[in-house]
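A closer look at the structure
Residue-level listing of the chains:
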Amino acid sequence: MGVSLSKGQSVSLVKGGGGTLTKVRMGLGWDAMKKKGLFGGLKTQSIDLDASCLLFDSANQLVDQVWFRQLRSNDGAVQHTGDNVTGAGEGDDESIIVDLVALSLNVRTLVFVVNSFTGQSFAQIENAYCRLVDETNGAELARFDLSGSGPHTAQVMAKVTRDQQGWTMTALGTQASGRTFRDLLPAVAGHL
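Below, the structure is looked at part by part. What you see is a predicted model, and the numbers here were worked out from it, not measured in a lab.

Along the chain, T153 turns up in the loop between strand 12 (139–145) and strand 13 (154–163). Of note is the side chain of T153, whose polar atom sits 2.9 Å from the backbone nitrogen of G178. Apart from residues lying up to four places away in sequence, T153 is in contact with N115, S116, G119, Q120, S121, F122, A176, S177 and G178.

Structure, rendered in structure tokens:
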């Protein structure tokens with residue numbers, strides 16, 4: 001069982017028993033709240049949340065991005081597994097796998113963001129979370145609850161930063177607005 005993080009908390013990504021992680025997966029899950037239908041019944045709506053990973057260098061310059069329109073980073077170390085446009089199903093609805101060993105040495109920070117491509121606010125989303133998983137054994141390392149209804153259409157979920165000791169994940173949970181990662185760059189800049 002992983003660590004349940006609150007906004008602003010960090011966790012070192014050193015494996016229990018020593019060693020460092022080599023491959024991690026950021027999973028995003030959500031459900032659309034049911035809406036009242038025409039005759040009073042509950043109707044399922046489709047909400048298209050999109051997970052993206054932004055790669056920054058030591059000068060805090062964006063050097064690459066992985067999102068539903070670019071499923072692989074230029075160095076091949078970051079891979080988006082595909083776009084879920086409804087949130088239907090159990091478990092992670094979208095995942096981004098990061099090979100920390102293969103990641104270009106000039107990448108210092110990875111920022112994970114989520115946005116509502118269809119424009120619905122987080123007030124219409126429930127059971128939303130992001131989690132970091134050790135991809136080599138499936139163990140959940142950390143989980144951050146993203147639920148928190150409000151008028152925002154995006155969130156800066158978490159960042160993973162490289163230093164001399166290895167990698168650290170920090171839960172951010174900053175509310176923002178935007179339909180793609182490009183709209184979120186000003187909100188991301190405050191966390192680099």
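Moving on from the model shown.
To continue, consider the sheet that holds strand 10 (residues 107–116). The six strands are arranged 2-14-13-10-6-7 in an open sheet whose pairing can be described as antiparallel. Every other strand in the sheet has two partners, leaving strand 2 (10–12) and strand 7 (62–66) as the edge strands with one partner each. Pairs of neighbouring strands in the sheet enclose a mean axial angle of 20°, with direction left out of account. Judged from the nine bridges that link them, strand 13 and strand 14 (residues 166–176) form a sheet pairing that is antiparallel. Of the residues in strand 14, the one forming a bridge with A158 is A171. Helix-sheet contacts for helix 1 (residues 181–189) involve strand 6 (49–57), strand 7, strand 10, strand 13 and strand 14, and the interaxial angle to strand 10 is about 120°.

Below, the discussion takes up the environment of D64. Of note, D64 is situated in strand 7. Considering only alpha carbons, one finds D64 and C53, eleven residues apart in sequence, at a separation of 8.6 Å. Not counting residues up to four positions away in its chain, the partners in contact with D64 are C53, L54, L55, Q70, S73, N74 and D75. Within the structure, D64 has its side chain in polar contact with the backbone nitrogen of N74 (distance 2.6 Å).

Under the counting rule described, the total for this entry stands at two salt bridges. With a shortest N-O distance of 2.9 Å, R25 and E135 are connected by a salt bridge. Of this pair, R25 sits in strand 3 (residues 23–32) while E135 sits in the loop between strand 11 (125–134) and strand 12; the two residues are 110 residues apart in sequence, bridging distant segments of the chain. We classify R25 as buried; its relative accessible area is 15%. In this structure, E140 and R131 form a salt bridge, with 3.0 Å as the shortest nitrogen-oxygen distance. Here the two residues E140 and R131 agree in accessibility, since each one is buried.

Residue N60 is not a glycine yet carries a positive backbone phi of 60°. Here N60 lies in the loop between strand 6 and strand 7. Positive phi values are uncommon outside glycine, yet N127 reaches one of about 55°. With respect to the helices, strands and loops of the structure, N127 is situated in strand 11.

The next thing to look at is the nonpolar core. Of all hydrophobic cores here, the largest spans 38 residues; its most connected members are L110, F112, M157 and M169. Counting residues per element, the ones that place at least two in this core are strand 3, strand 6, strand 9 (94–99), strand 10, strand 11, strand 12, strand 13 and strand 14. Looking at which element gives the most residues to this core, the answer is strand 3, with five residues. Not counting the four nearest positions on each side in its chain, M157 is found in contact with M26, L28, F112, V113, V114, C130, F144, L146, T170, A171, L172 and G173. By size, the runner-up hydrophobic cluster in this structure holds 14 residues, among which are V111, V113, L172 and F181.

To describe a pair of aromatic rings, one takes the distance between the centres and the angle between the planes. For the structure shown, the criterion picks out three aromatic pairs. Aromatic pair W67 and F68: ring centres 5.2 Å apart, planes at 70°, arrangement edge-to-face. Assessed through its relative accessible area of 5%, W67 is described here as buried. Ring geometry for W67 and F181: centres 4.9 Å apart, planes at 80°, overall edge-to-face. Taken as a pair, W67 in the loop between strand 7 and strand 8 (78–80) and F181 in helix 1 lie far apart in primary sequence, 114 residues in all. Comparing W67 with F181 shows no difference in burial state: the two are buried. In this structure, R179 packs its charged tip against the face of F117, placed 4.7 Å from the ring centre.

Here is what the cut-offs are and how they apply
Residues numbered from 1 in each chain as written. Predicted model: local features only at pLDDT ≥ 70, side-chain atom pairs only at ≥ 80, totals over all residues. Heavy atoms only, no water. Helix = DSSP H or I, 4+ residues; strand = E, 2+ residues; numbered from the N terminus. Polar contact = N/O pair within 3.5 Å; in protein donor to acceptor, adjacent residues only side chain to side chain. Contact = heavy atoms within 4.5 Å. Pairing = 2+ DSSP bridges. Axes fitted to C-alpha atoms, helices over the stretch in contact; angles between N-to-C directions. Salt bridge = Lys/Arg side-chain N within 4 Å of Asp/Glu carboxyl O. Buried < 20%, exposed > 50% of the residue type's maximum accessible area, 1.4 Å probe, protein only. Core = buried A, V, L, I, M, F, W, Y, C linked by side-chain atoms within 4.5 Å. Phe/Tyr/Trp six-rings, centres within 6.5 Å; stacked < 30°, edge-to-face > 60°. Lys NZ or Arg CZ within 6 Å of the ring centre and 35° of its normal.

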